[in-house]
Amino acid sequence: MATKTTFSINSKTITKAFQDLFDSFKSSRLKVSSKTGQEYLNISLLLAVIIGIIFPVAFVVLIILTLICSLQLAILQEDKQEEEKQKMIELK
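Every chain is numbered on its own, with residues counted from 1 as its sequence reads. Selection of residues for local features in this predicted model requires a pLDDT of at least 70, selection of side-chain atom pairs for listing and counting requires 80 or more, and totals for whole chains, interfaces and linings are taken over all residues. With hydrogens and water set aside, each side-chain value is computed from the structure's full complement of heavy atoms.

Asks: So what exactly am I meant to see when it comes to the overall build of the protein here?
Replies: Strands here are runs of E lasting at least two residues and helices are runs of H or I lasting at least four, both read from the DSSP assignment and numbered beginning at the N terminus. Scanning the protein from N- to C-terminus turns up 3 helices and 3 strands. Put simply, the protein runs from its N terminus to its C terminus through helices and strands in the order α-β-β-α-α-β. Exposure categories follow from relative accessible area, calculated using a 1.4 Å probe and restricted to protein chains: below 20% of the type maximum is buried, above 50% is exposed, and the middle band is partly exposed. Split into buried and exposed, the 92 residues of the protein put 13% on the buried side. Contacts: residue pairs with any heavy atoms within 4.5 Å of one another. Taking contacts inside the protein between residues at least 6 apart in sequence as the whole, the part at least 24 apart equals 50%. Surface exposure of the protein reaches about 8700 Å², of which carbon and sulfur atoms provide 61%. In these tables, accessible area is a Shrake-Rupley quantity obtained with a 1.4 Å probe, and a residue counts as shielded only by the protein chains included in the view.

Spelled out as structure tokens, the structure:
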């Protein structure tokens, strides 16, 4: 039996998509380090994207340095752990 899936685009779904994307960028970090583990740069991914848009030369320089100096680029994302709901115990 065939199933029909409908996806509607409205202001609510577009807003939610942008909010989820922003939250993902906010909780991620860009880390540049050497193969030996020495850390050169550790900044918010949102800040890195803004710098890359404003100064695209900086992005190109980072890519060239990564290739020449064997640097490691990593995008670290923090896991959101849901807050444990506090249980209330009533004593009589």
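Asks: Please explain the pattern of salt bridges as it appears in this structure.
Replies: A side-chain nitrogen of Lys or Arg and a carboxyl oxygen of Asp or Glu constitute a salt bridge if their distance falls within 4 Å. Counting across every chain of the model gives 2 salt bridges. When the shortest N-O distance is used, the salt bridge between Asp 20 and Lys 16 registers 3.3 Å. Taken as a pair, Asp 20 and Lys 16 lie in helix 1 (residues 11–26) at a separation of 4 residues, close to a single helical turn. Judged by its relative accessible area of 39%, Asp 20 is partly exposed. Residue Glu 39 is joined to Lys 31 by a salt bridge in which the shortest nitrogen-to-oxygen separation is 3.9 Å.

Asks: Is there a simple way to think about the environment of Leu 45 in this case?
Replies: Tracing the chain through its elements places Leu 45 in helix 2 (residues 45–54). Of the residues examined, Leu 45 reaches a relative accessible area of 13% and is grouped as buried.

Asks: Explanation requested: the sheet that holds strand 1 (residues 28–33) in the structure shown.
Replies: Note on sheets: strands pair through backbone hydrogen bonds, and any given pair is parallel or antiparallel. The strand order across the open sheet built from 3 strands is 2-1-3, with neighbouring strands paired in antiparallel fashion. Among the strands making up the open sheet, the edge pair consists of strand 2 (39–44) and strand 3 (72–77). Strand-to-strand twist across the sheet, computed as the mean angle between neighbouring axes with direction ignored, equals 20°. Paired strands, in this sense, are two strands between which DSSP finds at least two bridges. Where strand 1 lies against strand 2, 5 bridges are found, and the strand directions are antiparallel. The residue of strand 2 that forms the bridge with Ser 33 is Glu 39. Lines fitted to the C-alpha atoms define the axes, with helices restricted to the stretch that makes contact. Angles between their N-to-C directions range from 0 to 180 degrees. Taken strand by strand, helix 2 contacts strand 1, strand 2 and strand 3, and its axis lies near 95° from that of strand 2.

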